[in-house]
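# Descriptive analysis of the structure
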Amino acid sequence: MTKRVGVLGSGTVAKVLARGFAAKGYEVRIGTRDASKVADVVAEGIAAGSFAEVAAFGEVVVLAVKGTAAMDAAALAGAGLDGKIVIDTTNPIADEPPDDGILRYFTGPNDSLMERLQAAHPAARFIKAWNSVGSGFMVDPQFPGGPPAMFICGNDADAKAAVVAILTQFGWSSEDLGKAAGARALEPLCQLWCAPGFQRNDWAHAYKVLRFG
Ligand SMILES: NC(=O)c1ccc[n+]([C@@H]2O[C@H](COP(=O)([O-])OP(=O)(O)OC[C@H]3O[C@@H](n4cnc5c(N)ncnc54)[C@H](OP(=O)(O)O)[C@@H]3O)[C@@H](O)[C@H]2O)c1
């Protein structure tokens, strides 16, 4: 089992997932350009480092930074991403405010942030996950209808299988959207997930697929 996880980011998602992995017995480090932002997590025993140090540390790397900064953060992680499973939680949210509750993206329909990241780091094995649910439900969600579905995608089958195992451990079922181009469908799920939140303050939901057989 993978034991070392490097989480890149100092925001809510990075902290929730760093704490979640630590609680499940992984050895975790958290990466930031400014260690003062993660002092609370460090006080709990999770060591901090630069993006490069934490990426180099992880057998699995979690990318949990602002979408507009994802390419820059991945560049700072650099060769530390090579060969690694990189769980990409990011969304290409533009700086402009939402239109009637629909987030604006800086990517187009036949494009995605994860494909850009994968192209820039061909030796990394990006798997998109955790991008289309609120941080409060990322670890051990307790919905009345049972485990919700986490949509995932990425080119590397072994990396994807490892992420499916992690998601199962975190209380999720997985729905595979195929290779990296699946992110063109998966990243907009964040727009869908956030719409009821922005429109009527409804943030307490997740997805599940209903099917015959
Ligand atoms: N919030 C949620 O519930 C939620 C749910 C699903 C997915 N997501 C996605 O998860 C990602 C993280 O979201 P968040 O709300 O936790 O955090 P966030 O505020 O979107 O991002 C904060 C992180 O972005 C990094 N960053 C900002 N500008 C940078 C730059 N110029 N270069 C390098 N790094 C930079 C910061 O690095 P430093 O630490 O160095 O300052 C910090 O670690 C986003 O892409 C978001 O769309 C969020």
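Quick summary incoming for the structure in this document. (Residues numbered from 1 in each chain as written. Predicted model: local features only at pLDDT ≥ 70, side-chain atom pairs only at ≥ 80, totals over all residues. Heavy atoms only, no water.)

### Structural notes on the sheet that holds strand 5 (residues 85-88)
Here eight strands make up an open sheet; going across it, the order is 3-2-1-4-5-6-7-8 and the pairing mixed. Each edge of the sheet is formed by a strand with only one pairing partner; in this case those strands are strand 3 (47-49) and strand 8 (173-176). Sheet twist, expressed as the mean angle between neighbouring strand axes with direction ignored, is 30°. Across four bridges, strand 4 (residues 60-63) lies against strand 5 in parallel orientation. (Pairing = 2+ DSSP bridges. Helix = DSSP H or I, 4+ residues; strand = E, 2+ residues; numbered from the N terminus. Axes fitted to C-alpha atoms, helices over the stretch in contact; angles between N-to-C directions.)

### Concerning the pairing of strand 1 (residues 4-8)
Within a regular beta strand, the side chains point alternately toward one face of the sheet and then the other, so they alternate between its two faces. The buried fraction of strand 1 amounts to four of the five residues, a majority that puts the element mostly inside the structure. Across five bridges, the pairing between strand 1 and strand 2 (residues 27-31) is parallel. Bridging from a neighbouring strand, Gly-6 pairs with Arg-29 of strand 2. As judged from the four bridges shared by strand 1 and strand 4, these two strands associate in the parallel manner. (Buried < 20%, exposed > 50% of the residue type's maximum accessible area, 1.4 Å probe, protein only.)

### Some points on the nonpolar core
Formed by 60 residues in total, the largest nonpolar core has its most connected members in Leu-8, Phe-21, Leu-63, Leu-81, Ile-87 and Trp-130. Considering every element that reaches this core, the biggest residue donor is helix 7 (residues 183-200), with six residues. Dropping the residues within four chain positions of it, Trp-130 is found in contact with Leu-17, Phe-21, Ile-87, Thr-89, Met-138, Met-150, Ile-166, Leu-167, Phe-170 and Trp-172. (Core = buried A, V, L, I, M, F, W, Y, C linked by side-chain atoms within 4.5 Å. Contact = heavy atoms within 4.5 Å.)

### Some points on the site of the ligand
Residues in close proximity to the ligand total 26 residues, the closest being Ser-10, Thr-32, Arg-33, Lys-37 and Val-65. Between the ligand and Val-13 there is a distance of 2.9 Å, counted from an oxygen atom to a backbone nitrogen or oxygen. Val-65 places a main-chain nitrogen or oxygen 2.7 Å from an oxygen atom of the ligand. When the ligand sits alone it has 890 Å² of accessible area, and the protein chains cover 78% of it. Its atoms largely coinciding with the cavity grid, the ligand occupies the largest pocket. Counting only elements with at least two residues in the shell around the ligand, the list comes to helix 1 (12-23) and helix 4 (70-77). Here the shell around the ligand is built from residues that sort into 10 nonpolar, 12 polar and four charged. (Near = heavy atom within 4 Å. Polar contact = N/O pair within 3.5 Å; in protein donor to acceptor, adjacent residues only side chain to side chain. Areas by Shrake-Rupley, 256 points an atom, 1.4 Å probe, with all protein chains shown as cover. 1 Å grid on protein atoms, 1.4 Å probe; cavity = no way out; pocket = protein on both sides within 12 Å on 5 of 7 lines; lining within 4 Å. Sits in = over half its atoms within 2 Å of the grid points. Nonpolar A, V, L, I, M, F, W, Y, C, P; charged D, E, K, R; others polar.)

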